[in-house]
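Residue-level structure breakdown
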Amino acid sequence: MKKEVTLTMIKPFAVKEHNIGEILSYIERTGFHIRALKMTQLAKEKAAIFYDEHKDKPFFNELINFMSSGPVVTAILEKENAVEDFRKLIGSTDPDKAAKGTIRRVFAKDKTRNAIHGSDSIESAKKECRFFFSEIEEFMY
Ligand code: IDP
Ligand code: MG
């Protein structure tokens, strides 16, 4: 199977709870190769662009406020079938529904503070990698 990249972001609550190391370690142990990594904080405007597809949802403002409330750690992950496998690894959006052993089941607090992001398609992954790592072109295949 062809190698793929996906974009992850450890969200502010998980950063605040000192879970960066454990989450990255889990990601590496399950076969993902970290190709780029940065810690940053999203301005509200940037968070709103990232989550533009949800702009009409009732939770949008809460989501944007939360996502800009503190630092995030974002990374490009590489693996065969990375997009689909990483979505499986993080689990359902709602941590109460996330399967045992998934990152959200272990580290999420609730639906908003659900610990981590993972791209939902190959197309989104490319777009999101470019969004955070515009300086790195070689990963954008
Ligand atoms: P995903 O992160 O699993 O792809 P999406 O539906 O794309 O889930 O939603 C983006 C983010 O918006 C979620 O990760 C979560 O933080 C937040 N979110 C989604 N649905 C709700 C909700 O019903 N209440 C509060 N926050 C939500
Ligand atoms: Mg999504």
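Rules of the game
- Residues numbered from 1 in each chain as written.
- Chains lettered and ligands numbered in written order.
- Predicted model: local features only at pLDDT ≥ 70, side-chain atom pairs only at ≥ 80, totals over all residues.
- Heavy atoms only, no water.
- Helix = DSSP H or I, 4+ residues; strand = E, 2+ residues; numbered from the N terminus.
- Rg over C-alpha atoms; globule rule 2.2 N^0.38 Å.
- Buried < 20%, exposed > 50% of the residue type's maximum accessible area, 1.4 Å probe, protein only.
- Contact = heavy atoms within 4.5 Å.
- Areas by Shrake-Rupley, 256 points an atom, 1.4 Å probe, with all protein chains shown as cover.
- Lys, Arg positive; Asp, Glu negative; His and termini not counted.
- Charge placed at Lys NZ, Arg CZ, Asp CG, Glu CD.
- Salt bridge = Lys/Arg side-chain N within 4 Å of Asp/Glu carboxyl O.
- Phe/Tyr/Trp six-rings, centres within 6.5 Å; stacked < 30°, edge-to-face > 60°.

Let's talk about the overall build of the protein
Within the protein, the secondary structure is distributed over 7 helices and 4 strands. Element order for the protein, N to C, with α for helix and β for strand: β-α-α-β-α-α-β-α-α-β-α. Taking 14 Å as the expected radius of gyration for a compact globule of 141 residues, we find that the protein reaches 14 Å, a close match to that expectation. Along the three orthogonal principal directions, the C-alpha set of the protein runs to about 40 × 35 × 25 Å. Per-residue burial for the protein yields a buried fraction of 49% across its 141 residues. Summarising the internal contacts of the protein: among those between residues at least 6 apart in sequence, 76% fall at separations of at least 24. Roughly 7600 Å² of accessible area belongs to the protein as shown, and the carbon and sulfur atoms make up 49% of that amount. Once the 24 positive and 22 negative side-chain charges of the protein are each reduced to a mean point, those two points are 3 Å apart.

Structural notes on the pattern of salt bridges
On inspection of all chains with the given rule, the structure shows 7 salt bridges. In this structure, Glu84 and Lys88 form a salt bridge, with 3.7 Å as the shortest nitrogen-oxygen distance. Taken as a pair, Glu84 and Lys88 lie in helix α5 (residues 82-90) at a separation of 4 residues, close to a single helical turn. By relative accessible area, Lys88 is classed as exposed at 56%. Taking the shortest distance from any N to any O, the salt bridge between Asp110 and Arg113 comes out at 2.7 Å. Asp110 gets classed as partly exposed once you look at its relative accessible area, which sits at 26%.

Some words on the packing of aromatic side chains
Tallied over the full model, the rule gives 5 aromatic pairs. With 5.0 Å between their ring centres and 85° between their planes, Phe50 and Tyr51 make a pair best called edge-to-face. Note on accessibility: Phe50 and Tyr51 belong to one class, buried. Here the aromatic rings of Phe131 and Phe132 are separated by 5.0 Å at their centres, their planes lie at 85°, and the arrangement is edge-to-face.

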